[in-house]
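Tertiary structure, described
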Amino acid sequence: MTNMEFAKRLQPLQSNVFADMDRAKAIALAAGREVIDLSLGSSDLPAEAHVIEAIAQSLGDRSTHGYLLFNGTLGFREAAANWYEQKFGIKVDPQTEVLPLIGSQEGTAHLPLAILNPGDFALLLDPGYPSHAGGVYLASGQIYPMPLRAENDFLPVFADIPAPVLAQSRMMVLSYPHNPTAAIAPLSFFQEAVAFCQQHNLVLVHDFPYVDLVFQETGESADSSPNPKSKIVRLSEAEVQNPKSLVPSILQADPEKSVSIEFFTLSKSYNMGGFRIGYAIGNAELINALRQVKAAVDFNQYRGILNGAIAALTGPQVGVKSAVATFQQRRDAFITALHCIGWNVPTPQATMYIWAKLPPAWSQNSIEFCTQLVKQTGVAASPGAGFGKSGEGYVRFALVHEPPLLETAVERMAEFLH
């Protein structure tokens, strides 16, 4: 086995700071620490009852137990197209412009195989979600990182991309609301991105998992008590108002779908991360190309999961609004606690994350900060360097616990920092 050789494309995938953090958490647990894990963006909220019921009813139907080919997914594709049209006012053809995915990560990882030839560049956000880079490496492409800086509202500056890189580039990947910085982008930015990609013959990819996790700062929250402790904030149907999105889709800037494809997952909006269901929507040629890659890799999910997804997209949306209210409540509790210990972090407008600039003593070593933090306090976070070079000097906290536990985490961090 010592003479076994592996493909060179695996080399960039060997370094995984999140795997390192998993080992650090295991060491802390073995040492008897109670770990408060704020490192993973996996929602702790449950899927809605009507979604679970749709899946449960499917289990007894033996016709759902076989392979599910593309034509068998039409009901889901129609639900996705209708959901998009209602939310964004964009007409979508479910036959040619929608493709089911095993989560949006499958789309971002597999699309480069359909776009890039070896040596081609992909323009990626830095910091950005790790699977965006992983897909490019698997396609033997090159990455040009577009730095995101606070002074630019964590938006890339297209004019800074070197001309020689642009000449070799085939695709650009954006994702707003953004993981990890929690930044949002206005429609004008997307319009600029579409025009730029049209000019330079680039495929424009938009990863859009946090479309619903956007916070309205005006009006009352679902629970206005000063110290809410409920696990899930529930809104009545009457409190659920306009279903329109508070953040734009890339297709609003490219309604003709000339260069764009967008990925959506039910993991965040509908708390269905473990069910691995999402979809691609956009340019028909891109959808068909991704479908060809997907056909070589897998069939579709179990039909019952698609039935649950249909129920989520077409059923009551009270659970979505309640989840948003819950994360807003957690955000406010965590930010307030951080401010109380002297860690002045901006309040994000979206996502389930806090992107915090590290104190000066740790400004160039986010990995060591997170390693020592979990070792000494049991609080696990994600180092900014794990999301890209421009993420150094920051740490990401995921708001996946109730306010009292988040406040306990901050208390532990206060002892660590002082």
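Let me begin by describing the structure that accompanies this report. Small disclaimer: the values here were computed from a predicted structure and weren't measured.

1. Some details on the overall build of the protein
If you tally the helices and strands in the protein, you get 14 helices and twelve strands. Compactness check: the protein gives a C-alpha radius of gyration of 21 Å against a globular reference of 22 Å for 418 residues, within 12% of the reference. Principal axes of the C-alpha set define a box for the protein whose edges measure 55 × 55 × 50 Å. Restricting to contacts in the protein with at least 6 residues of sequence separation, those with at least 24 account for 76%. Here the protein carries 29 positive and 39 negative side-chain charges, and the mean point of each set is 5 Å from the other.

2. As for the sheet that holds strand 4 (residues 142–147)
Reading across the sheet, the seven strands line up as 2-8-7-6-5-3-4 and stay open at both edges, with mixed pairing between neighbours. Two strands lie at the open edges of the sheet, namely strand 2 (98–101) and strand 4, each paired on one side alone. For this sheet the average axis-to-axis angle between neighbouring strands, irrespective of direction, equals 20°. In the sheet, strand 7 (residues 260–265) pairs with strand 8 (residues 278–282) via five bridges, with the strands oriented antiparallel. By the bridge assignment, Glu-262 is partnered in strand 8 with Ile-281. Running over the sheet, helix 10 (residues 284–297) touches strand 2, strand 6 (203–207), strand 7 and strand 8 and is turned about 30° from strand 2.

3. A few points about the sheet that holds strand 9 (residues 353–357)
Read across the open sheet, the three strands follow the order 9-12-11; overall the sheet is antiparallel. Here the strands that pair on one side only, and so sit at the sheet edges, are strand 9 and strand 11 (382–383). Both strand 11 and strand 12 (residues 394–398) contribute to a ladder of two bridges, which runs antiparallel. Bridge assignment links Ser-382 to a residue of strand 12, and that residue is Arg-396.

4. Let's talk about helix 14 (residues 403–417)
Within an α-helix, residues lying three or four positions from one another point in the same direction, as the helix has 3.6 residues per turn. For helix 14, which comprises 15 residues, the first-to-last C-alpha distance of 21 Å matches the rise-based estimate of 21 Å (1.5 Å per residue) to within 8%. Within the sequence span of helix 14, burial applies to Pro-403, Leu-406, Ala-409, Val-410, Arg-412, Met-413, Ala-414 and Phe-416. Residues of helix 14 that are buried sit in contact with strand 1 (36–37), helix 12 (318–340), helix 13 (366–377), strand 10 (379–380) and strand 12.

5. Points about the packing of helix 1 (residues 17–30) against helix 13
Taken N-terminus to C-terminus, the directions of helix 1 and helix 13 make an angle of 20°; their axes are 9 Å apart at the nearest point. On the basis of the axis angle, helix 1 is roughly parallel to helix 13. Considering how the two elements wind past one another, helix 1 and helix 13 form a crossing that is right-handed. Facing Val-17, Met-21, Ala-24, Lys-25 and Ala-28 of helix 1, the residues of helix 13 in contact are Ile-367, Cys-370, Thr-371 and Val-374.

Cut-offs used in this document
Residues numbered from 1 in each chain as written. Predicted model: local features only at pLDDT ≥ 70, side-chain atom pairs only at ≥ 80, totals over all residues. Heavy atoms only, no water. Helix = DSSP H or I, 4+ residues; strand = E, 2+ residues; numbered from the N terminus. Rg over C-alpha atoms; globule rule 2.2 N^0.38 Å. Contact = heavy atoms within 4.5 Å. Lys, Arg positive; Asp, Glu negative; His and termini not counted. Charge placed at Lys NZ, Arg CZ, Asp CG, Glu CD. Pairing = 2+ DSSP bridges. Axes fitted to C-alpha atoms, helices over the stretch in contact; angles between N-to-C directions. Expected span 1.5 Å × (residues − 1). Buried < 20%, exposed > 50% of the residue type's maximum accessible area, 1.4 Å probe, protein only. Parallel < 35°, antiparallel > 145°, perpendicular 65-115°, else oblique. Left-handed = near helix turned anticlockwise from the far one by under 90°.

Any functional reading would require information beyond the geometric quantities listed.
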